[in-house]
Amino acid sequence: MKKLFSALLQELSRRRPAVLCGIVASHGSTPRGAGAKMLVLEDGRAIGTIGGGAVEYHAARLASELLERKESRFETYLLSAGEIADIGMICGGDVRVYFQYFDPADRVAVETLENALTLLDAPGPSWLVTSMAETGWRMGTYDAKNGLRGLEVSTGCLSPLLGKRGVLDEGGTPLFVEPLTPAGAVFLFGGGHVARELAHLLAMTDFRVVVYDQREQAVTRTFFPEASTLLCGPFSEALARVGPIAEEDYAVIMTPGHQADYEVLAQVLRTPAKYIGCIGSKKKIAATRERLLSNGFTEAEIDRVHAPIGLPIGGETPAEVAVSVAAQLIACRSGRLEAFS
């Protein structure tokens, strides 16, 4: 999302229009669901994806036409074989796509995109709100601290739509409300080689990443350009310095040389974190478990820890380990983690 909105903001700053395509509803078997986005630029290039294949091809062509006409609109693509409007795919189902034209002279749109980019790095959930009125399409942002910005929509209409998934409300003026940032952040304790690879993968999959290490040279933008927050301090004070870890947060423990893994784990186990993972061998994990038990932690508390960390895909390199951990975090976020247990 950050890459897409940054590209859109850059186009508008260069006085070039663009069209944002997004899936607002899907039924049956489709490549992507509500919230998938693609940006089509004036030169014909596309950033992002709404599923690839014929849908994306036809959507890109329509977006180019709308750029010339300076228009916004909906379009439904039928993916079932035999449908009159079938576009050549056989997976079954249909997708409804919105096409929003962005005028570089629209200062409110520019401010909304700037707000969105700020919120993508901010703690707490936020939402993107698109009003699809016949008089003109507008986009705004909503978060608890700032409320609704860029649009005027009553609280009564907006509140029921602030969920975990994109929702299209067609009562009166159509509104599409979708999460801009999901609740929860991934706290990476340790900024080593695996953490660097993992932070990149997590940013690509729309996790907000906070990196904490006691080595100043480890927590730099050179190593973590996409992290929302970089913090430095003793591992003994990790929890106090990163702030409260809530029940929607994720904790990944991979301190340098595993020297402070226990120290951080003992702090994180006292939080309601949604996910706790600790890197290391089975031998090291067994020793850590015994130490936790001897210091008063219960079996149930220790069983919350995913260790060894990641899904068992057989990876060895930092990048391969990062892929296995990212996959486990995605499964946790989607509620599918038990299927891999």
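As a reminder, the structure under discussion sits directly above these lines.
Just so you know, these numbers come straight off a predicted model, no measurement behind them.

**Topic: the overall build of the protein chain**
At step 1: Broken down by element type, the protein chain carries 10 helices and 16 strands.
At step 2: A compact globule built from 341 residues would reach a C-alpha radius of gyration of about 20 Å, and the protein chain, at 22 Å, matches this within 12%.
At step 3: Each of the three principal axes of the protein chain carries a C-alpha extent, and together these read 70 × 45 × 40 Å.
At step 4: Here the protein chain holds 341 residues, and the buried ones make up 47% of them.
At step 5: Partitioning the intrachain contacts of the protein chain with sequence separation of at least 6 by distance along the chain shows that 57% fall at a separation of at least 24.
At step 6: In the form shown here, the protein chain has an accessible surface area of approximately 16,600 Å², with 51% of it arising from carbon and sulfur atoms.

**Some words on the packing of aromatic side chains**
At step 1: Applying the stated criterion to the full structure yields 8 aromatic pairs.
At step 2: On the numbers, 5.3 Å between centres and 50° between planes, the contact of F74 with W137 is tilted. Note that F74 is positioned in strand β4 (residues 73-78) and W137 in strand β7 (residues 136-143), a separation of 63 residues in sequence.
At step 3: Over the aromatic face of F223 sits the side chain of R196, whose NZ or CZ is 3.6 Å from the ring centroid.
At step 4: One Lys or Arg, R291, reaches over the ring of Y262 and ends 3.8 Å from the middle of that ring.

**Some points on the sheet that holds strand β14 (residues 250-253)**
At step 1: One open sheet accounts for 6 strands, arranged β13-β12-β11-β14-β15-β16; its pairing is parallel. For this open sheet the edge positions go to β13 (229-232) and β16 (305-306), each flanked by a neighbour on one side alone.
At step 2: Bridge count between strand β12 (residues 208-213) and β13: 4 bridges; the pairing is parallel. Among the inter-strand pairings, Y212 is bridged to a residue of β13, identified as L231.
At step 3: Where helix α5 (residues 193-204) meets the sheet, it contacts β11 (185-189), β12 and β14, and its direction lies at approximately 170° from that of β11.

**A few points about the layout of surface pockets**
At step 1: As a volume, the largest pocket reaches approximately 2,000 Å³.
At step 2: Taken together, 44 residues line the largest pocket, and the ones lying closest to its centre are P179, P182, T205, D206 and R333.
At step 3: When contributions to the lining of the largest pocket are tallied by element, the ones reaching two or more residues are α1 (2-13), β3 (46-48), β10 (175-181), α5, β12 and α10 (318-333).
At step 4: Top contributing element to the lining of the largest pocket by residue count: β10, with 4 residues.
At step 5: Partitioning the lining of the largest pocket into residue classes produces 19 nonpolar, 11 polar and 14 charged.
At step 6: Here the second largest pocket is characterised by a volume of approximately 240 Å³.
At step 7: If you go around the second largest pocket, you meet 16 residues; those closest to its centre are S72, Y101, G136, W137 and R138.
At step 8: Counting only elements with at least two residues in the lining of the second largest pocket, the list comes to β5 (94-102), α3 (107-120) and β7.
At step 9: Here the element with the most residues in the lining of the second largest pocket is β7; it accounts for 4 residues.

**Focus: the pairing of β10**
At step 1: Most of β10 is tucked away, with 7 of its 7 residues classed as buried.
At step 2: Inspection of the sheet shows strand β6 (residues 126-133) paired to β10 by 6 bridges, in the antiparallel sense. Within the sheet, the bridge partner assigned to V129 lies in β10 and is V177.
At step 3: Across 3 bridges, strand β9 (residues 167-169) lies against β10 in antiparallel orientation. Its bridge partner lying in β10, D169 is registered against L175.
At step 4: As consecutive antiparallel partners, β9 and β10 are separated by 5 residues, and within that stretch G172 has a phi angle of approximately 75°, a positive value.

Thresholds, definitions, all that
Along each chain, residue indices are assigned from 1 in the same order as the chain's sequence is written. pLDDT decides what is reported in this predicted model: residues at 70 or higher carry local features, side-chain atom pairs at 80 or more are listed and counted, and totals for whole chains, interfaces and linings draw on all residues regardless. Side-chain metrics rest on all non-hydrogen atoms present in the structure, leaving aside hydrogens and water. Helix numbering and strand numbering both begin at the N terminus, where a helix is a DSSP run of H or I of at least 4 residues and a strand a DSSP run of E of at least 2. Computation of the radius of gyration draws on C-alpha atoms alone. For the globule rule, the value is 2.2 Å times the number of residues to the power 0.38. Only protein chains enter the accessibility calculation, which uses a 1.4 Å probe; a residue whose area is less than 20% of its type maximum is buried, one above 50% is exposed, and one in between is partly exposed. Throughout, a residue-residue contact means that at least one pair of heavy atoms, one from each residue, lies within 4.5 Å. Only the protein chains shown count as cover for residues, and all accessible areas are computed by the Shrake-Rupley method using a 1.4 Å probe. Two aromatic rings, drawn from Phe, Tyr or Trp (for Trp, its six-membered ring), form a pair once their centres lie within 6.5 Å of each other, and the interplanar angle then sorts them: stacked below 30 degrees, edge-to-face above 60, tilted otherwise. Criterion for a charge above a ring: Arg CZ or Lys NZ at most 6 Å from the ring centre, at most 35 degrees from the ring normal. In this scheme, strands are said to pair when DSSP sees at least two bridges between them. Only the stretch in contact is used when a helix axis is fitted, and all axes are lines through C-alpha atoms; the angle between N-to-C directions ranges over 0 to 180 degrees. Here a cavity denotes grid points, spaced 1 Å and computed from the protein atoms alone, that fit a 1.4 Å probe unable to get out, and a pocket denotes an open set having protein on both sides within 12 Å along at least 5 of 7 lines; residues with an atom within 4 Å of a point are the lining. Grid points are joined across faces, edges and corners, and a volume is the space filled by probe spheres set on the points. Under the convention adopted here, Pro, Cys and the residues Ala, Val, Leu, Ile, Met, Phe, Trp and Tyr are nonpolar, Asp, Glu, Lys and Arg are charged, and Gly plus all remaining residues are polar.

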